[in-house]
Each structure stands twice: as C-alpha cells, then as structure tokens.
Amino acid sequence: MRHFSTLLASGAMALVLATSCATNSGSQEVTLKDAFKDKFLIGVAINNNQAWGRDSLGTAMVKKHFNAVVAENEMKCERLHPKENEFFWDNADRFVQFAEENGMYPVGHCLIWHSQCAPWFFVDEKGGQVDAETLKNRMRDHIYAVVGRYKGRIKGWDVVNEAIVEDGSYRNSKFYQILGEEFIPLAFQFAHEADPDAELYYNDYGMNVAGRRDAVVKMVNDLKSRGLRIDAIGMQGHMGMDYPTYEEFETSLKAFAGTGCKVNISEWDMSALPTLTHSANVSDTVAFRKSLNPYPDSLPSEVSAQWNERMAGVLEVLLRNADSIDRVIAWGVSDGDSWKNGWPVPGRKDYPLLIDRNYELKPFLQDVIASSQESK
C-alpha cells in the first residue's frame, strides 16, 4: 500500500498534474516529460548500452520519458582524452547523435574534474609534476578540442566538477596544487571562448552542507564579478534514506538561486540501503557483511514504501522551487545501471533510481502519471 497520497494532493503536485492534464488530451499515455512540462526538463544519465541501443528496454524508456540526457562517463577526460595527443570520440559522438535524433537537451559532463582525469594531464616528460603554464595550456587545449567539436550541438557543459570540500575549502587536487583557485575561472574562460553560446555550469555533491554551500555561492559570485559566464549550479542529488533533510536541501537550493544562476538537480538518486558509518561493529564478520548488503534479492515492500514516500517528498521540494530549476537529471536509467551497485563494497545491491530492474517507473512516479490520466 502506498503512503504518499497526501503529497500528491498538495499544492505544488496538484499544479504539475493540472499542467500535464491541460497539455495531454485524449487517450495518449502521459510520460514523465509530459507530467513535468512547463516545470523543468526531466533527464537521465545514459551509458553506451543505451546510446548504442544494446539495452533496448533501457533505450526505449529513455526515449519515452526523458527530454534531457547526459553521458554518464564517455565525456570524462580519461575516456575521451586518454593520451596527450590522442582522442577517442566514438562513444561521445554517438551520445550527441542520440540526443539529436530524439530531440533531447544534451549536457556535456564534465570538462575539468580531478577524478577520472587521464593521468598524463599532470605529468611532464620526465615523470614529474607539470608546471603551472603547462597545465594551463593542457586545460585550454582539452577544453577547446572537446567543446569545439560539439559547438552548437552540446547545449550546456559541467565545466568544473567537485572542487569544494565540506568545510568550504578547495579540494587539494592536482589542479588546485598547481594552479590554485585560478583553475576554476580559467576553465570557465576557456569553455566560453570555445563556444560562446553554450551554457556553463559548476557541479558538486553534498550541496546541503553549509560549508560547501557558502563557498560555492562565494565562488559563483566571484566568477560573475569578473565578467565570466556561469549559467547554473549543479546540485548533485545523491541522497540517502536519512540525508539530507528536506529543509537542508531547500535552503541550499534557494541560496544557489540567489546568485542569479539557475539550479540543475544534476545526479539524482537515493540509496535504499542503510547509510554506512565507520562506527559499524565488525567483530561478527558474517553479520557485518550481511549488513552491508541487506537486500541482495529484492527490496522489502516496507522499505520500498519508505523510499517512495521520501522521493515524493523531495519531488515536492523541487516542484515548489520549479521557477529556479532548469532540469532534473537521474543518475542512471534503471536500478541495475546505478553506480551505487557494488559501492562502496563489491557485490552490494542497491535500488536508487527512478526506474526499477524490470524497467518500470517507481510507484511515486506511477502515481503522478496515474493521477494525470485520471484527471483528464
């Protein structure tokens, strides 16, 4: 039994249902992109199997329900630019083609990120760390090549990813070690030069944390004061059953909107598993291993109900702030695709996405669509 009918009846949800009903007459099935029409784009991160059609059911769900896409991995430096003078474009090209063939808004992810950056980026010919001028030139060359190839086709770019830590300080990445804070404005400058019409974004996780939130607001305002283009702030929506609170999440969303930028919910998923802590008792190894992977076969109905109710609550926050949000993007098509599987422990099975392993929408979204159809 579902326990979130009161959420569906609330003002913000009623508004999105009314909008979808007004734009979907007759017997045509309502999809997610119909339901959220005039609110925000609803998107998804896709992998090669979906882009190339090898996951036919996943590809069909993407085409049916979503109007924005991001490449989960294929535009990251280690995949796209594995050696200094060597690019591998095939999968990124296919991603862009897929978006164009299906009338979807393509987002490029990501240009500058310390993780999944090709190792050569920071090393000179002698194996030592490169100097500041060399790294600056490599950043420019990489950004010009990637953004330039898709100029006019990729509509928006995650320019810098995950550069701020929880206490508000800069992450001690190689980019920061070599160039200091200046690597961020340089990245935005180069991206804008490569495609003056493309939207540019800063993207990070744990954006409900006050230290990171305040530092990102300051950084964005500093970029704006220097005349640099930044269009939106990406709030990675990686959530758990016990974090963040709705209030924390909404406070940050409003703070980011206060910069004058739009907000992208850029990587939405919610783990259905208990949050791991370092204080777990490991004296009973068998019990501990079981606790790490509590639902290896399926998600219990009571946990599924709790998960759906919490996701409905997050959706309520998003709808309440829809004027500030450009797009909401789920980080993977179905539960089987999620990076949460096998993380942080090999073999761990999670259920964090909008679509289950049978390629069915989760109940909280089924209720949105059912209510839309019933109200026609």
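How would you sum up the overall build of the protein? Please name residues and give values.
Secondary structure summary: the protein contains 15 helices and nine strands in total. By the burial criterion, 53% of the 376 residues in the protein qualify as buried. The long-range share in the protein, meaning contacts at least 24 apart out of those at least 6 apart in sequence, stands at 77%. In the structure as shown, the protein presents an accessible area of about 16100 Å², 49% of it carried by carbon and sulfur atoms.

Explain the side chain of aspartate 269 residue by residue, including any values.
Within the secondary structure, aspartate 269 is located in strand S8 (residues 262-270). Buried charge without a partner: aspartate 269 forms no salt bridge, and the closest opposite charge is lysine 340, 4.7 Å away. Those residues in contact with aspartate 269 that lie beyond four places of it in its chain are Gly237, His238, Met239, Trp331, Trp339, Lys340, Pro352 and Leu353.

Let's hear about the confidence of the model for the protein: which residues, and what values?
For the protein, per-residue confidence averages 91 on the pLDDT scale, and 88% of positions sit at 70 or higher. Note on residues 17-26: pLDDT under 50 across the span, and 18 contacts to partners over four residues away in sequence or across chains. Low pLDDT, under 50, characterises residues 278-283; the predicted model gives this stretch three contacts beyond four residues in sequence or across chains.

Describe the side chain of asparagine 67, naming the residues involved and giving the relevant values.
Tracing the backbone shows asparagine 67 in the loop between helix H5 (56-65) and strand S2 (68-71). A distance of 2.9 Å separates a polar side-chain atom of asparagine 67 from the backbone nitrogen of isoleucine 42. Apart from residues lying up to four places away in sequence, asparagine 67 is in contact with Lys33, Leu41, Ile42, Gly103, Met104 and Tyr105.

Kindly report on the pattern of salt bridges, identifying the contributing residues and their values.
All told, the structure shown has 16 salt bridges when counted by the stated rule. Linking glutamate 182 and arginine 226 is a salt bridge whose minimum nitrogen-to-oxygen distance equals 2.7 Å. Residue glutamate 182 is found in the loop between helix H9 (174-179) and helix H10 (183-194), and its partner arginine 226 is found in the loop between helix H11 (210-225) and strand S6 (232-235); the two are separated by 44 residues along the sequence. In this structure glutamate 182 comes out as partly exposed when scored by relative accessible area, which is 33%.

Rules behind the numbers
- Residues numbered from 1 in each chain as written.
- Predicted model: local features only at pLDDT ≥ 70, side-chain atom pairs only at ≥ 80, totals over all residues.
- Heavy atoms only, no water.
- Helix = DSSP H or I, 4+ residues; strand = E, 2+ residues; numbered from the N terminus.
- Buried < 20%, exposed > 50% of the residue type's maximum accessible area, 1.4 Å probe, protein only.
- Contact = heavy atoms within 4.5 Å.
- Areas by Shrake-Rupley, 256 points an atom, 1.4 Å probe, with all protein chains shown as cover.
- Lys, Arg positive; Asp, Glu negative; His and termini not counted.
- Salt bridge = Lys/Arg side-chain N within 4 Å of Asp/Glu carboxyl O.
- pLDDT = per-residue confidence, 0-100.
- Polar contact = N/O pair within 3.5 Å; in protein donor to acceptor, adjacent residues only side chain to side chain.

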